[in-house]
Amino acid sequence: MKVGIVAVQGAFIEHERMLSSLGIECVELRKKADIQAHELSGLVLPGGESTVQGKLLRELDMFDSIKALIAGGLPVLATCAGLILLSSHISGENTVHIGTLPVTVKRNAYGRQLGSFVTEERFGDLDDVEMTFIRAPYIEKTESPDVQVLAQVDGKIVAVRYKNQLALAFHPEIGADSRIHRQFVSMLGA
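Throughout what follows, the structure given in this document is the object of discussion. (Residues numbered from 1 in each chain as written. Predicted model: local features only at pLDDT ≥ 70, side-chain atom pairs only at ≥ 80, totals over all residues. Heavy atoms only, no water.)

**Quick notes on the overall build of the protein**
Filter applied, for reference: For helices the rule is a DSSP run of H or I covering at least 4 residues; for strands it is a run of E covering at least 2, with both sets numbered from the N terminus onward. We compute the radius of gyration from the C-alpha atoms alone; for a globule the expected value is 2.2 Å times N to the 0.38, where N is the number of residues. Each residue is assigned to one of three classes by its accessible area relative to the maximum for its type, calculated with a 1.4 Å probe on protein chains only: buried under 20%, partly exposed between the two thresholds, exposed over 50%. Contact between two residues is taken to exist if any of their heavy atoms lie within 4.5 Å; hydrogens are not considered. Computed by Shrake-Rupley with a 1.4 Å probe, the accessible areas treat only the displayed protein chains as cover when residues are assessed. Think of it this way: Lys and Arg go in the positive column, Asp and Glu in the negative one, and His and the chain ends go nowhere. Every charge is mapped to an atom, namely NZ of Lys, CZ of Arg, CG of Asp or CD of Glu.
Secondary structure assignment for the protein yields six helices and 12 strands. By the compact-globule yardstick of 16 Å for 190 residues, the protein fits well, its C-alpha radius of gyration being 15 Å. Here the C-alpha coordinates of the protein stretch approximately 45 × 40 × 35 Å along the principal axes. Relative to its full complement of 190 residues, the protein shows a buried share of 52%. Of all intrachain contacts in the protein linking residues separated by at least 6 positions in sequence, the fraction that spans at least 24 positions is 63%. When the accessible area of the protein is evaluated, it comes to approximately 8,500 Å², of which 46% is carbon and sulfur surface. Here the protein contributes 19 positive and 23 negative side-chain charges, whose respective centroids are spaced 5 Å apart.

Dropping the structure here:
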């Protein structure tokens with residue numbers, strides 16, 4: 001199995017380390033040729049700056065290929081900015097990036113850098129999952145009954161699964177808990 005990690009900006013190396021520790025081969029995707037050169041079992045859209053990532057994916061001619069892979073069913077793990085890239089609506093904005101996840105997200109919902117925090121909450125069937133929020137969004141609403149809510153913090157949706165898409169407002173790649181990445185790996189053979 002080989003997972004492509006979008007490596008144009010953001011916290012991609014932490015995902016690579018986590019997945020590698022689970023025995024998963026990773027390839028950094030920096031240009032369209034990187035996508036075409038590999039048969040991928042999954043994809044990671046990391047945290048970072050969603051506006052910058054969206055712009056770079058278009059400038060590097062990667063956008064259409066990535067969107068086609070996700071729309072075609074390739075499993076994807078999206079964190080923070082990755083969640084924003086996947087969402088079909090961004091609250092208060094007309095911008096849509098990939099748009100394959102039927103949710104409305106609120107960008108920078110917890111404020112700027114000083115509003116960053118760490119908490120532990122339930123994630124699906126997992127108890128006490130450490131969740132690190134850094135200038136994080138949250139999901140204001142789901143737009144399909146097929147969107148499964150996996151986690152909430154203070155009544156706000158912070159993690160969902162929809163078909164082949166696992167999308168989180170927080171950063172599971174920070175720290176030592178690999179359970180969310182293990183769940184993603186379990187999606188790769190599906």
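Picking up after the structure, the text goes on.
**Regarding the pairing of strand 10 (residues 148-153)**
Stated precisely, the cut-off is as follows: Two strands form a pair only when DSSP identifies at least two bridges running between them.
Two strands pair when backbone bridges link them, and strand 10 and strand 11 (residues 156-162) are joined in this way by five bridges, in the antiparallel orientation. Directly across from Gln152, in strand 11, lies its bridge partner Ile157. Between strand 10 and strand 11, which follow one another and run antiparallel, lie two residues, and Asp154 among them has a positive phi close to 50 degrees.

**Section: helix 1 (residues 12-21)**
Where we set the bar: Note that the arc is computed from the directions linking the helix axis to the C-beta atoms.
Those residues of helix 1 that sit buried are Phe12, His15, Glu16, Met18 and Leu19. Looking straight down helix 1, one finds that the buried residues subtend no more than 165 degrees of arc, so they occupy a single side. Structural note: helix 1 exposes Arg17 and Ser21 on the side pointing more than 90 degrees away from its buried face. The inward-facing, buried residues of helix 1 contact strand 1 (2-6), strand 2 (25-29), strand 3 (42-45), strand 4 (76-79) and helix 6 (179-187). Where helix 1 ends, the next residue or the one after it, Gly23, has phi of about 85 degrees, a positive value.

**Regarding unusual backbone geometry**
It is generally the case that most residues other than glycine have a negative phi and that most peptide bonds are trans. Residue Asn108 is not a glycine yet carries a positive backbone phi of 45 degrees. Within the fold, Asn108 resides in the loop between strand 6 (101-106) and strand 7 (117-123). Residue Asp128 is not a glycine yet carries a positive backbone phi of 50 degrees. With respect to the helices, strands and loops of the structure, Asp128 is situated in strand 8 (residues 126-133).

**Re the pattern of salt bridges**
Stated formally: A pair is scored as a salt bridge if a Lys or Arg side-chain nitrogen falls within 4 Å of a carboxyl oxygen belonging to Asp or Glu.
A complete count under the given rule lists nine salt bridges for this structure. Put simply, Asp127 and Arg122 hold a salt bridge, and the shortest N to O gap is 2.1 Å. What makes Arg122 partly exposed here is its relative accessible area of 43%.

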